[in-house]
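# Overview (structure and organization)
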Amino acid sequence: MTHLPLDDVRVIELGQLLAGPFCGQLLGDFGAEVIKVEDPGRGDPMRQWGREKPHGKSLWWPVVARNKKSVTCDLRTPQGQDLVRKLVAEADVLLENFRPGTLERWGMSPEELHAVNPRLVITRVTGFGQTGPYAPRAGYGSIGEAMGGIRYVTGDPSLPPSRAGISIGDSLAATHACVGTLVALHERERSGRGQVVDSAIYEAVLAMMESLLPEWQQAGYQRERTGPVLPNVSPSNVYPTRDGDAILIAANQDSVFTRLAQVMGAKELADDERYATHGARGEHMAELDELISAWTVTYPADELLRLLHDGGVPAGRIYTAQDMFADPHFEAREAIVRVPHPDFGEVAMQNVVPKLSGTPGRVRSAGPALGQHNDEVYGGLLGLSPQEIAGLSTAGII
């Protein structure tokens, strides 16, 4: 199967780090031609990020830059800006995550870019959006996570707000930016015109905060940190096992809790007024967790999981990367792929999601070397001669 669902879409990716480039990764996973424009000599700082660096190379870069082409261009120069305008004329999407006003200073405002290509979708990812009093502020994912609400409710209630161990704010903003880009491309088929997609990190986080806002507005209830559980959602917690492992059990729906009670050999719990309904279980969460823990700790983890799965109760271990590599379900669904790499031989990474039955995405290449596609893009797409490309390189423009 050679056809990919977005293989007729060309994306010019400006910006760096994660909030914009993860959107480019998602589009590239489904076939979009993503031309990543990087600063000559330095490139995207993501080329250096990450804790482990075999061969002095980032293990993050092969993932976030997969399926992309790399060209170099100094966007701060008139010649570099002119190159981007030429690329825009041949593109469907311009993706950037600079601070608001940066493109405008470079003579590439949406109005100016649409004068070059009226069908262009301009996707802009920032901390606070393109408008409003905070728009000019520098905005990182961590700040968006804090202001969007997820930091306040994350962690142990006895400790200050915590954070997820990943850059969740950046990734959420990029995911919403991807959705917005696809919506704008669809609308373009009707109107014939592109538009601006404005994705703010704090708003992308806020969008995931469930009923936090109406709980405060209607009931004066402020969600607090609750550690490993959700308020009034029970049972849904981590429970001990006889061999020192810990198993997560999620049986908060009435029918599922009935199945859990049967597996426990305590069918009467499902009829007990303290546990018979979702609301009642939420009110008696602590005592119910104690009952379940007293049962789970009598079984080794493997046997406990077998009992729960056979009984139709959602349960599982909390996986590390090592667990993922060893899991037969991950293997059967090809959740992890190994991609050829010039330095690592091959590099393992998460596969494309979601899975499409007819035109699935795929990882075609790991992150490219800096400027690897200069000749292909500037020569092949823009038609510059080898002498012109050499001259731009000598001048430090590319």
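What you see is a predicted model; the values in this text were computed from it and never measured.

### Some words on the overall build of the protein chain
- The secondary structure content of the protein chain amounts to 17 helices and 11 strands.
- Seen through its C-alpha atoms, the protein chain measures out along the principal axes to roughly 80 × 50 × 40 Å.
- A buried classification covers 46% of the 398 residues belonging to the protein chain.
- Relative to all contacts within the protein chain whose residues are 6 or more apart in sequence, the contacts with residues 24 or more apart total 69%.
- Side chains of the protein chain carry 37 positive and 50 negative charges; the gap between the two charge centres is 5 Å.

### Quick notes on the packing of aromatic side chains
- Scanning the model with the defined rule gives 6 aromatic pairs in all.
- Where F98 meets W106, the ring centres are 5.2 Å apart and the plane angle is 80°; that geometry is what we call edge-to-face.
- Residue classification places W106 among the buried residues on the basis of a relative accessible area of 11%.
- With a centroid separation of 5.8 Å and an interplanar angle of 40°, the aromatic rings of Y319 and F330 are classed as tilted. Of this pair, Y319 sits in the loop between β9 (315–317) and α14 (321–326) while F330 sits in helix α15 (residues 328–332), and the two are 11 residues apart along the sequence.
- In this structure Y319 comes out as partly exposed when scored by relative accessible area, which is 33%.

### Points about the nonpolar core
- Of all hydrophobic cores here, the largest spans 41 residues; its most connected members are V9, V11, C23, L27, A32, V339 and M349.
- Of all elements in the fold, only α1 (21–29), α2 (61–64), β4 (93–96), β5 (121–126), α7 (168–191), α8 (201–206), β10 (336–341) and β11 (345–350) reach the threshold of two or more residues within this core.
- A total of 7 residues in this core trace back to one element, the largest contributor, which is α7.
- The contact partners of L27, leaving out residues within four places of it in the chain, are L6, V11, A32, C178, T181 and L182.

### So, the pattern of salt bridges
- In total, this model carries 26 salt bridges according to the counting rule given.
- Of the charged contacts in the structure, one is a salt bridge between R42 and D39, with a shortest N-O distance of 2.5 Å.
- With a closest N to O distance of 3.7 Å, D39 and R76 form a salt bridge. Of this pair, D39 sits in the loop between β2 (33–38) and α2 while R76 sits in the loop between β3 (68–72) and α3 (78–89), placing them 37 residues apart in sequence.
- According to the relative accessible area criterion, R76 is exposed, its value standing at 57%.
- What emerges from the salt-bridge pattern is a single network uniting R10, E33, K69 and E376.

### A few points about the sheet that holds strand β8 (residues 246–250)
- Within the open sheet, the 3 strands sit side by side as β7-β8-β9. Their pairing is antiparallel. Every interior strand has two partners, whereas the edge strands, β7 (236–240) and β9, have only one. Each strand of the sheet is rotated relative to its neighbour by a mean of 30°, with strand direction disregarded.
- Strand direction decides the pairing type here: β8 and β9, joined by 3 bridges, are antiparallel. Within β9, the position partnered with L248 by the bridge is G316.

### Some remarks on the environment of M147
- Relative to the helices and strands, M147 is located in helix α6 (residues 141–148).
- Assessed through its relative accessible area of 40%, M147 is described here as partly exposed.
- With 63 residues separating them in the primary sequence, M147 and E210 have C-alpha atoms 15 Å apart.
- If we skip the residues at most four places from it in the chain, M147 touches F128, Y134 and Y202.

### Comments concerning the sheet that holds β3
- The strand order β3-β2-β1-β4-β5-β6 describes an open sheet built from 6 strands, whose pairing is parallel. Both edges of this open sheet fall to β3 and β6 (196–200), since each of them pairs with a single strand only. Taken pair by pair, the neighbouring strands of this sheet meet at an average axis angle of 20°, ignoring direction.
- Here helix α16 (residues 374–381) sits on the sheet and contacts β1 (10–13), β2 and β3; the angle it forms with β3, its principal contact strand, is near 80°.

### Quick look at the environment of F344
- Looking at the element boundaries, F344 is found in the loop between β10 and β11.
- A relative accessible area of 16% means that F344 is categorised as buried.
- Separated by 293 residues in sequence, F344 and R51 place their C-alpha atoms 16 Å apart.
- Setting aside residues no more than four positions away along its own chain, F344 makes contact with P54, H55, K57, S58, L59 and P62.

### Overview of the pairing of β8
- Only one face of β8 is buried, namely the one carrying I247 and I249, since none of A246, L248 and A250 on the opposite face is buried.
- The antiparallel pairing of β7 with β8 creates a hairpin that spans 5 residues between the two strands, and G244 there sits at a positive phi of about 85°.

### Structural notes on unusual backbone geometry
- Backbone torsion omega between S234 and P235 reads -5°, so that peptide bond is classified as cis.
- Take P235: it is sitting in the loop between α9 (212–219) and β7.
- The omega torsion across V353 and P354 is -5°, close enough to zero to call that bond cis.
- For P354, the position within the fold is in the loop between β11 and α16.
- Even without being glycine, E334 reaches a positive phi, approximately 55°.
- Within the secondary structure, E334 is located in the loop between α15 and β10.

### Considering the packing of α1 against α7
- Viewed as axis vectors pointing N to C, α1 and α7 meet at an angle of 50°, and their least axial separation amounts to 8 Å. With respect to α7, the element α1 is oriented oblique. For the pair α1 and α7, the sense of crossing is right-handed. Mapping the contact onto sequence places F22, C23, L26 and L27 in α1 and S171, A174, T175, A177, C178, T181 and L182 in α7.
- Partitioning the contact of α1 with α7 into residue classes produces 8 nonpolar, 3 polar and no charged.

What counts as what
Residues numbered from 1 in each chain as written. Predicted model: local features only at pLDDT ≥ 70, side-chain atom pairs only at ≥ 80, totals over all residues. Heavy atoms only, no water. Helix = DSSP H or I, 4+ residues; strand = E, 2+ residues; numbered from the N terminus. Buried < 20%, exposed > 50% of the residue type's maximum accessible area, 1.4 Å probe, protein only. Contact = heavy atoms within 4.5 Å. Lys, Arg positive; Asp, Glu negative; His and termini not counted. Charge placed at Lys NZ, Arg CZ, Asp CG, Glu CD. Phe/Tyr/Trp six-rings, centres within 6.5 Å; stacked < 30°, edge-to-face > 60°. Core = buried A, V, L, I, M, F, W, Y, C linked by side-chain atoms within 4.5 Å. Salt bridge = Lys/Arg side-chain N within 4 Å of Asp/Glu carboxyl O. Pairing = 2+ DSSP bridges. Axes fitted to C-alpha atoms, helices over the stretch in contact; angles between N-to-C directions. Parallel < 35°, antiparallel > 145°, perpendicular 65-115°, else oblique. Left-handed = near helix turned anticlockwise from the far one by under 90°. Nonpolar A, V, L, I, M, F, W, Y, C, P; charged D, E, K, R; others polar.

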